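Topology and contacts: notes
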Amino acid sequence: MKQLGVRFLNTVEMSSQEAAWYLLRQPMSRSSHEVSYIPTVWPQERHKLRKRKAVMDEENLDENSTDIWTKSMIQRYEERPSELEDKWLADFVAWYTPVTKKGQPLVTEVNDDASGDDEPAPDNVPYESTSTIGSACRKRSAPRVIRYRGYELNDVVNYKREIITLYLPFKNEAVEILDRNGFLRMYDKREAEIMTKRKEFESNIDIAKILDELKKI
């Protein structure tokens, strides 16, 4: 791929301004909003991102270590500081960025897009928590746009599991949500609360229609 890229650049004509911009490694485009994908599929279906060698060296992990996978946004959410205990996953992903003690954003999801809003914070900006690298978070100045799998209403099990994962706080997905299909009972018990939270992220949602369709299933 590298050789192909070099050949492509050698045969493409561009202006001196574009060449200078490219050589200075300036971004070719910017977006007004950052979009982040939340993997609400079953845990065994989620993609993983391997840690970079520099990260493994920093964590003193040898080549035989099994701790080679970067933590997903859901795992970062489960490790959130106590100050954010009442935040649900959608709210956390939209408004908070996990950071190191130096304020550097942590690599999480494979699909996360870089954004200028995630530049390292100045040293005098307080974090929500600085107890450990994994639990430090910085609140964003503007929310992300969140995306997720989006199961259909007729797929009741996955639909309710996804909605519970997004809109109710939890510290351990496997125990609190997935164990014995606990999400089914949680959804039925807290449906009104969930719909109110959904309204914050989905302004065009027709709550009455959704509730009516669920009753018919």
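Below: a short report on this structure. Fair warning: this is a prediction, and the values are worked out from it, not measured in the lab. (Residues numbered from 1 in each chain as written. Predicted model: local features only at pLDDT ≥ 70, side-chain atom pairs only at ≥ 80, totals over all residues. Heavy atoms only, no water.)

1. Some remarks on the overall build of the chain
Rules: In this text, helices come from DSSP runs of H or I with a minimum length of four residues, and strands from runs of E with a minimum of two, each type numbered from the N-terminal end. Relative accessible area decides the class of each residue, using a 1.4 Å probe on protein chains only: under 20% of the type maximum gives buried, over 50% gives exposed, and in between gives partly exposed. We call two residues contacting when some pair of their heavy atoms lies within 4.5 Å. Accessible surface area values rest on a Shrake-Rupley calculation with a 1.4 Å probe, where residue burial reflects the displayed protein chains alone.
Looking only at helices and strands, one finds 10 helices and four strands in the chain. Secondary structure of the chain in N-to-C order comes out as α-α-β-α-α-α-β-β-β-α-α-α-α-α. Put simply, the chain has 217 residues, and 36% of those count as buried. Sequence separation of at least 24 residues holds for 65% of the intrachain contacts in the chain that already meet a minimum separation of 6. For the chain, the exposed surface amounts to about 14,200 Å²; the carbon and sulfur share of it is 51%.

2. Side note on the nonpolar core
Formally: What is meant by a nonpolar core is a set of buried Ala, Val, Leu, Ile, Met, Phe, Trp, Tyr and Cys residues, joined one to another through side-chain atoms within 4.5 Å.
Of all hydrophobic cores here, the largest spans 33 residues; its most connected members are L89, F92, Y159 and Y187. Counting residues per element, the ones that place at least two in this core are α4 (73-78), α5 (89-95), α6 (156-167), α7 (173-178), α8 (182-189), α9 (191-201) and α10 (207-216). Filtering out sequence-adjacent residues up to four positions away, Y187 remains in contact with Y159, K160, I163, I164, I194, M195 and L214.

3. Considerations on the pattern of salt bridges
Here is the rule: A pairing counts as a salt bridge when a side-chain nitrogen of Lys or Arg comes within 4 Å of a carboxyl oxygen of Asp or Glu.
This model, assessed by the stated rule, comprises 13 salt bridges. Among the ionic pairs, E59 bridges to K51, the shortest N-O distance being 2.8 Å. A relative accessible area of 39% means that E59 is categorised as partly exposed. The class for K51 is buried, based on a relative accessible area of 13%. Measuring nitrogen to oxygen at the nearest pair gives 3.0 Å for the salt bridge that ties K160 to D188. Here the residue K160 occupies a position in helix α6, and D188 occupies one in helix α8, the gap between them amounting to 28 residues. Counted as one network, the salt bridges with shared partners bring together E34, R140 and R144.

4. Remarks on the environment of W42
Tracing the backbone shows W42 in the loop between β1 (35-38) and α3 (53-58). For the pair W42 and L178, spaced 136 residues apart in the sequence, the C-alpha separation amounts to 9.3 Å. If near-sequence neighbours (up to four positions away) are discounted, W42 is found in contact with Y151, V157, N158, R161, L178 and F183.

5. What about the side chain of R140?
Note the following rule: In the analysis that follows, any N or O atom pair within 3.5 Å is treated as a polar contact, provided that within protein one partner can donate a hydrogen and the other can accept it, and provided that, for residues neighboring in sequence, both atoms belong to side chains.
Of note, R140 is situated in the loop between β3 (137-139) and β4 (145-148). Residue classification places R140 among the buried positions, given a relative accessible area of 5%. Here E34 takes part through its side chain, which lies 3.0 Å from a polar atom of the side chain of R140. Polar side-chain contacts of R140 include one of 3.0 Å to the backbone oxygen of A142.

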